[in-house]
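Coordinate analysis (summary)
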Amino acid sequence: MFRSKASSLSKLIPLMFGQSNLAYKFFHPVIASHGLCCNRSVIYKQRYRMRQLSAGRRTISTGTKVMAEGELPAVLILDIGGTHGVLEDLAALLKKHFHLITMKEFLGNKEEVRKKIQSVFVFECRPTIDRELLESLPNLKVIANSGVGVDHLDLKMISSFGVKVTNTPHSVADPTADIGMALMLASARRLVEGCHIAVSPDTKYFAVDWLGVEVTRATLGIIGMGSIGYKVAQRARAFNMRILYHNRNQRRKEEEEAVGAHYCAKMEDLLQQSDFVMLVVNLTPETHKLIGKKELGLMKPTATLINISRGAVIDQDALVEALQNKVIRAAALDVTNPEPLPRDHPLLNLNNVIITPHIGTATVQAIRMMAEEAIANMLAVLNDQPIPSEVFPK
C-alpha cells in the first residue's frame, strides 16, 4: 500500500543533479536504485474544492489554479540560521522546491504575502502554530513537522481550519534507537563520570572499586514498541539481552520472535523484572507522567530508567526523589521538561543521571532526511497526491 503511494510521489521530487536523494530512495527505492534522475522543473498544481465547513473554518473558493512552470509555492519558516532558524543546508534544500518566507518577512509585509503561503515548515517546534497565525493564512494547506512528535501542535484546532499536518516518522527511528542504546551503555558503564575522572587535574590514581554494570545478558524493558522501540529491540538482541515490552497492542508473533521480545500486558510486570527500562512512547494525555512515584517504586534498586520520548512522560519530582534515595540506580535522559532545565534544577546536581540535549535525531543524515520527508509531504498535499505521513487528530 505504501509502495503504491510512493510511486506517485516519486514524480514530485526532482533529484539534485549528481547526488542521491535520501527521501527519494525511501519513497521509491526501486526506481532510485536504477539511478534515474529528473532535473525538470516541477509544475505545481493547486486544486481547490468547495466544501461546507463548520463555524470557525475557512471556505475555499472553487476553481483550479495552476502555477506557471518554475514558479515555486511559498512556505513559511521561522528563520534561516541563527539560534532557532532552519539550518542553512536545509534551507538550501527547501529552496529547490519552495519560495521561503521567514516570520520576520511575513510580519513585516503580512498583507502582501499571507495569501501566497500554502505550507509551514516546522523545525525544532518553530514557528509556533496558534490560532492567530492560522487565521492570517487563508490559503494554508499543510503544516509539515520535521520530526515525529507533534505534541507541540494542537491537531484539533489546526484541523478545524481545514489544514493537514504531517510528520517524518521514517527518518527518526534509527538515530533515536541509536541514542537509546548510547544512553544505556553510557549509564551502565558510567562513561560521563569516568571521563571526568580521567581528565580531572585532581586525579592521582584510578580507584579499583569504581564499577559499572553490564548490558550484555541484562533484561531490557521497552515501553512503547512502535518503529523506534522495535529498532531498539533489534539492537539489544545483539547484546544478548532479554527483551520485554509493553505496548497498547501486542506485536505479531513473527515480529516478536525476530528480536526475541516478550510481551507484558501489564506495565507493572515489566518494571519489576527489568534491569533497564526505556521509554519510547508519544506524549499524549494518557502517557503524561506515565512514570511516577508508584512506577519507580516497582523498579529494581539496581535498575536504570532511560527516556528518549518526551520529558513530560516522567514525573520529574518523583524521579529526583527516587535517584536521591537510591530507589533506582540511575537515569539517562535525552529529554526533560522543560528543555533545557532551569540551571538550579536538582536533576543537574545528581551524579547518577546523564542528561543530553534532546539529540535523538541530531545527526547530519537524519536532519537532512527529515527535511526531505517533510518536503515530500508538502508537495503531496499541494499536488493533491496521497500523503506519506499525515497525522490525524484523535
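Residues numbered from 1 in each chain as written. Predicted model: local features only at pLDDT ≥ 70, side-chain atom pairs only at ≥ 80, totals over all residues. Heavy atoms only, no water.

What follows deals with the overall build of the chain. If you tally the helices and strands in the chain, you get 16 helices and 15 strands. Counting every position in the chain, which comprises 394 residues, the buried fraction comes to 50%. Counting contacts in the chain only where the partners sit at least 6 residues apart, residues at least 24 apart contribute 64% of the total. Carbon and sulfur atoms form 52% of the exposed surface of the chain, whose accessible area is close to 20100 Å². (Helix = DSSP H or I, 4+ residues; strand = E, 2+ residues; numbered from the N terminus. Buried < 20%, exposed > 50% of the residue type's maximum accessible area, 1.4 Å probe, protein only. Contact = heavy atoms within 4.5 Å. Areas by Shrake-Rupley, 256 points an atom, 1.4 Å probe, with all protein chains shown as cover.)

To continue, consider the sheet that holds strand β11 (residues 276–279). Backbone-to-backbone hydrogen bonds join strands into a sheet, with any given pair of strands oriented parallel or antiparallel. Read from one edge to the other, the open sheet built from seven strands follows the order β10-β9-β8-β11-β12-β13-β14, with strand pairing classed as parallel. Every other strand in the sheet has two partners, leaving β10 (261–263) and β14 (353–355) as the edge strands with one partner each. The mean angle between the axes of side-by-side strands here comes to 20°, regardless of whether they run parallel or antiparallel. Relative to β11, strand β8 (residues 219–223) runs parallel, the two being bridged by four bridges. (Pairing = 2+ DSSP bridges. Axes fitted to C-alpha atoms, helices over the stretch in contact; angles between N-to-C directions.)

The linkage connecting R126 with the following residue, P127, adopts the cis geometry, with an omega of 5°. The topology assignment puts P127 in the loop between β5 (117–123) and α7 (131–135). Cis rather than trans, the peptide bond between E339 and P340 has omega equal to -10°. Here R190, not a glycine, exhibits a phi torsion of approximately 55°, which is positive. Tracing the sequence through the fold places R190 in the loop between α9 (169–188) and α10 (191–199). Relative accessible area serves as the criterion here: at 21%, R190 is assigned to the partly exposed category. Phi angles above zero are rare outside glycine, and K289 is one such case at about 55°. Along the polypeptide, K289 turns up in the loop between β11 and α14 (293–298).

Taken over all residues, the pLDDT of the chain has a mean of 86, while the share at 70 or more is 82%. For the stretch residues 1–68, pLDDT sits under 50, and the model shows 125 contacts to residues farther than four places along the chain or on other chains. (pLDDT = per-residue confidence, 0-100.)

Successive residues of a regular strand alternate their side chains across the two faces of the sheet. Judged by which residues are buried, β11 turns out to be covered on both faces: F276 and M278 on one side and V277 and L279 on the other are all buried. Where β11 meets strand β12 (residues 304–307), four bridges bridge the pair, whose relative direction is parallel. Paired with L279 across the two strands is N307, which belongs to β12. Crossover β11 to β12 through α14 is right-handed. (Right-handed = clockwise from strand over helix to strand, strands pointing away.)

Spatial ordering of the open sheet is given by β4-β3-β5-β6-β7-β15, a layout of six strands whose pairing is mixed. The sheet terminates laterally at β4 (99–102) and β15 (390–391), the two strands that pair on one side only. Here β5 runs beside strand β6 (residues 142–146); their pairing, made up of five bridges, is parallel. If you follow F121 over to β6, its bridge partner there is A144. Along the sheet, helix α4 (residues 88–95) makes contact with β3 (74–77), β4 and β5, crossing β4 at roughly 130°.

Attention shifts here to the environment of G212. With respect to the element layout, G212 can be found in the loop between α10 and β8. In this structure the C-alpha to C-alpha distance between G212 and L185, which are 27 residues apart in sequence, comes to 9.9 Å. Excluding anything up to four places from it in sequence, G212 contacts A188, R190 and R329.

Turning next to the pattern of salt bridges. Side-chain pairs of opposite charge can arise whenever the charged atoms involved come near each other. Summed over all chains, the structure comprises 14 salt bridges. Between R235 and D178 there is a salt bridge, and its shortest N-O distance comes to 2.7 Å. Of this pair, R235 sits in helix α11 (residues 227–237) while D178 sits in helix α9, and the two are 57 residues apart along the sequence. By relative accessible area, R235 is classed as partly exposed at 22%. With a relative accessible area of 41%, D178 lands in the partly exposed category. Here E255 makes a salt bridge to R251, at a shortest N to O gap of 3.3 Å. Here the salt bridges do not stand alone but share partners, grouping D174, D178, K231 and R235 into one network. (Salt bridge = Lys/Arg side-chain N within 4 Å of Asp/Glu carboxyl O.)

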